[in-house]
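These are the residues of each chain, in order.
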Amino acid sequence: MTQFLHQLCDNKQPCRVMILGRLVATVQRVSRYCLEHMVEVLPYYGVPTGEEITLFDPDILIICLPAPEKLYLQTDKPFILWSELEANCKLPIASNPAELAKMLRQTLQDFN
């Protein structure tokens, strides 16, 4: 998968993923999953400013549920929701590392 992501992000190496959440353990766990496949991961505990997102310039955002309070992002970046609890919604949501890897591949393909 690492080779695949590098091909998708060849315009700027390496691929970047920003992981947002309010539960430290969850953000760290998802960061660890992503680090297995990507070179750059920025865990963020809370709500980043638009400037912080622009500065890191992620290729994709992963929002860990429960989402940080007052989360409002003005960005055109693709995103994936992460929840370890069963969720019944039509948004892109992953609940295990295999689903996350599949959704990352699909989201990056769709976005590029």
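For the structure, see preceding data.
Residues numbered from 1 in each chain as written. Predicted model: local features only at pLDDT ≥ 70, side-chain atom pairs only at ≥ 80, totals over all residues. Heavy atoms only, no water.

**Things to note about the sheet that holds strand S1 (residues 16–21)**
Spatial ordering of the open sheet is given by S2-S1-S3-S4-S5, a layout of five strands whose pairing is parallel. Sheet topology places strand S2 (40–45) and strand S5 (93–94) at the edges, where each strand pairs with a single neighbour. Inspection of the sheet shows S1 paired to S2 by six bridges, in the parallel sense. When the sheet's bridge partners are listed, leucine 20 is paired in S2 with tyrosine 44. (Pairing = 2+ DSSP bridges. Helix = DSSP H or I, 4+ residues; strand = E, 2+ residues; numbered from the N terminus.)

**Considerations on the nonpolar core**
By size, the foremost hydrophobic cluster in this structure holds 16 residues, and its most contacted members are Ile19, Val30, Cys34, Ile62, Ile80, Trp82 and Leu100. Looking at this core, the elements with two or more residues in it are S1, helix H2 (24–35), strand S3 (60–64), strand S4 (79–82) and helix H4 (97–111). Here the element with the most residues in this core is H2; it accounts for four residues. Each residue touching cysteine 34, except ones within four places of it in the same chain, is listed here: Val17, Ile19, Val41, Ile62, Leu100 and Leu104. Core analysis: the second largest hydrophobic core is formed by nine residues, Met18, Ile53, Leu61 and Ile93 among them. (Core = buried A, V, L, I, M, F, W, Y, C linked by side-chain atoms within 4.5 Å. Buried < 20%, exposed > 50% of the residue type's maximum accessible area, 1.4 Å probe, protein only. Contact = heavy atoms within 4.5 Å.)

**Regarding the pattern of salt bridges**
Tallied over the full model, the rule gives two salt bridges. The salt bridge involving arginine 16 is made with glutamate 40; its shortest N-O contact spans 3.3 Å. Of the two residues, arginine 16 is situated in strand S1 and glutamate 40 in strand S2; the sequence distance between them amounts to 24 residues. According to the relative accessible area criterion, arginine 16 is partly exposed, its value standing at 23%. Taking relative accessible area as the criterion, glutamate 40 reaches 22% and is therefore assigned partly exposed. A salt bridge links aspartate 57 to lysine 77, with the shortest nitrogen-to-oxygen separation between them at 2.9 Å. Of this pair, aspartate 57 sits in the loop between helix H3 (50–56) and S3 while lysine 77 sits in the loop between S3 and S4, and the two are 20 residues apart along the sequence. The class of aspartate 57 is partly exposed, set by a relative accessible area of 30%. (Salt bridge = Lys/Arg side-chain N within 4 Å of Asp/Glu carboxyl O.)

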